[in-house]
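# Architecture and fold: a report
Residue strings, one per chain:
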Amino acid sequence: MTSIPSIRAILSFVAAGRRGSFLEAAAQLQLTPSAVSHQIRLLEEGLGEKLFHRIGRNVTLTEIGERYHRDLSEALSLIERATDEVSRRNSVDVLSVGCAPSLASLWLMPRLPQFESLHPSLEIRLISSSEPTKLSDGSVDVDICYGSVPRLGSIATEEFPLETIVVACAPEVANGERPIRRPSDLVGHTLIKSEQTLYSWRQWAKDHGLEIDLNRGSRFRDAFMSIATAVEGRGVCLESYRLLQRDVERGNLVLPFGMTGPNLRCHTLTYVRSRLRSQKVSAFKQWLESAWLEDAAALEMGSRASVGDRHQEHPFGL
């Protein structure tokens, strides 16, 4: 096994290669120029290769030296980043949150500053993934998944309240040459499809007794891409109102049929049962419930008749 050079030799070599001078490297490392020269000579002897061309007081890297310098510089950068992360973890308590991509980008991220202002000693590390993130190995403290998840003894699973799946499009599409006023008006319109969905256009067409060409239009893996395409006026999407809410409130999207649509349980909060005793996990869970209820109250005020009494359902089993 090849022996690893001393850290002093590596630092001397990287500094000299970056500065092009043993003198300047010595000043940076707070060593004498002779000490730097000695470390580099030991390094060259150990490798059996010349790493520098020496021209008076200046030095330049040889071809092998350049490659070695690049690799060692990258390795030192990794060490610095790892050390910085550990140092930050020691000074700031980190809450790692996994979340389905669409809910993360369209609902959770815009609201996280509120949580951070309430808990300034906590730093949020958000991991957006379409697949459930591992809770057992400590990758995340809590995970918000799309759809149902397997129930395991050590993992608590708490379903979010019902979400209404609605038809949405840009105002110019709803009020264009082929206005959309009733379900049959969608025949001939471009339908934007999400591959990860609990309620598809095929199901929607069947529920309304319509035959719609499902081969036309764009297809995306996640809802946030479908919604962005609808905002651009490139078709009609079928998504949870929770994900559409901000764009509807801003006037980027309209709901041609209002808040009519199936009510589904789309998201599930999961965490290791024992970690609920952790103050940060408990605080995030309580805040998440509060934020969801605030949205439900606002939604009720805007569309009481469509929403009905769903706002009375208490999120996350509390």
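The coordinates are above.
Residues numbered from 1 in each chain as written. Predicted model: local features only at pLDDT ≥ 70, side-chain atom pairs only at ≥ 80, totals over all residues. Heavy atoms only, no water.

Moving on, we get to the overall build of the chain. On a plain count of helices and strands, the chain comes out with 11 helices and 12 strands. Relative to its 318 residues, the chain shows a buried fraction of 44%. (Helix = DSSP H or I, 4+ residues; strand = E, 2+ residues; numbered from the N terminus. Buried < 20%, exposed > 50% of the residue type's maximum accessible area, 1.4 Å probe, protein only.)

So, about the sheet that holds strand 10 (residues 236-240). Here we have 3 strands laid out as an open sheet, ordered 10-7-11, and antiparallel in their pairing. Each edge of the open sheet is held by one strand with a lone partner, namely strand 10 and strand 11 (263-264). The pairing of strand 7 (residues 163-169) with strand 10 spans 5 bridges and is classified as antiparallel. In the strand pairing of strand 10, C169 is matched with V236. (Pairing = 2+ DSSP bridges.)

As a further point, take the side chain of S96. By secondary structure assignment, the location of S96 is in strand 3 (residues 93-99). Residue class for S96 comes out buried when judged on its relative accessible area of 5%. Those residues in contact with S96, other than ones at most four positions away along the chain, are R125, S139, V140, D141 and V142. (Contact = heavy atoms within 4.5 Å.)

Its volume calculated, the largest pocket comes out at about 340 Å³. Lining the largest pocket we find 27 residues, and of these A100, C145, Y146, Q196 and H267 sit closest to its centre. Those elements giving two or more residues to the lining of the largest pocket turn out to be helix 5 (101-118), strand 5 (142-146) and strand 10. When residues of the lining of the largest pocket are sorted by domain, at least three fall in each of domain 2 (93-158 + 266-299) and domain 3 (163-264). (1 Å grid on protein atoms, 1.4 Å probe; cavity = no way out; pocket = protein on both sides within 12 Å on 5 of 7 lines; lining within 4 Å. Points joined across faces, edges and corners; volume = space filled by probe spheres on them. Domains from an automatic or database assignment.)

What follows concerns the side chain of R111. Structurally, R111 is set in helix 5. In contact with R111, other than residues within four places in its own chain, are L106, Q245, R246, W287 and D295.

For the pair helix 1 (residues 7-19) and helix 3 (residues 33-47), interaxial distance at closest approach is 8 Å and the crossing angle is 105°. Classed by the angle they form, the pair helix 1 and helix 3 counts as roughly perpendicular. Here R8, A9, S12, F13 and A16 of helix 1 lie close against helix 3, whose contacting residues are V36, Q39, I40 and L43. Each residue belonging to the contact of helix 1 with helix 3 can be placed in one class, and the counts come to 6 nonpolar, 2 polar and 1 charged. (Axes fitted to C-alpha atoms, helices over the stretch in contact; angles between N-to-C directions. Parallel < 35°, antiparallel > 145°, perpendicular 65-115°, else oblique. Nonpolar A, V, L, I, M, F, W, Y, C, P; charged D, E, K, R; others polar.)

The next thing to look at is the packing of aromatic side chains. As enumerated under the stated definition, the model contains 10 aromatic pairs in all. With 5.3 Å between their ring centres and 80° between their planes, W201 and W204 make a pair best called edge-to-face. Of this pair, W201 and W204 both sit in helix 7 (residues 201-207), separated by 3 residues, roughly a single helical turn. Here the two residues W201 and W204 agree in accessibility, since each one is buried. Through a chain of ring-to-ring contacts, three or more aromatic side chains come together here, namely F13, F22, F52 and Y68. The cationic tip of R242 hangs over the ring face of W292; the distance from NZ or CZ to the ring centre is 3.9 Å. (Phe/Tyr/Trp six-rings, centres within 6.5 Å; stacked < 30°, edge-to-face > 60°. Lys NZ or Arg CZ within 6 Å of the ring centre and 35° of its normal.)

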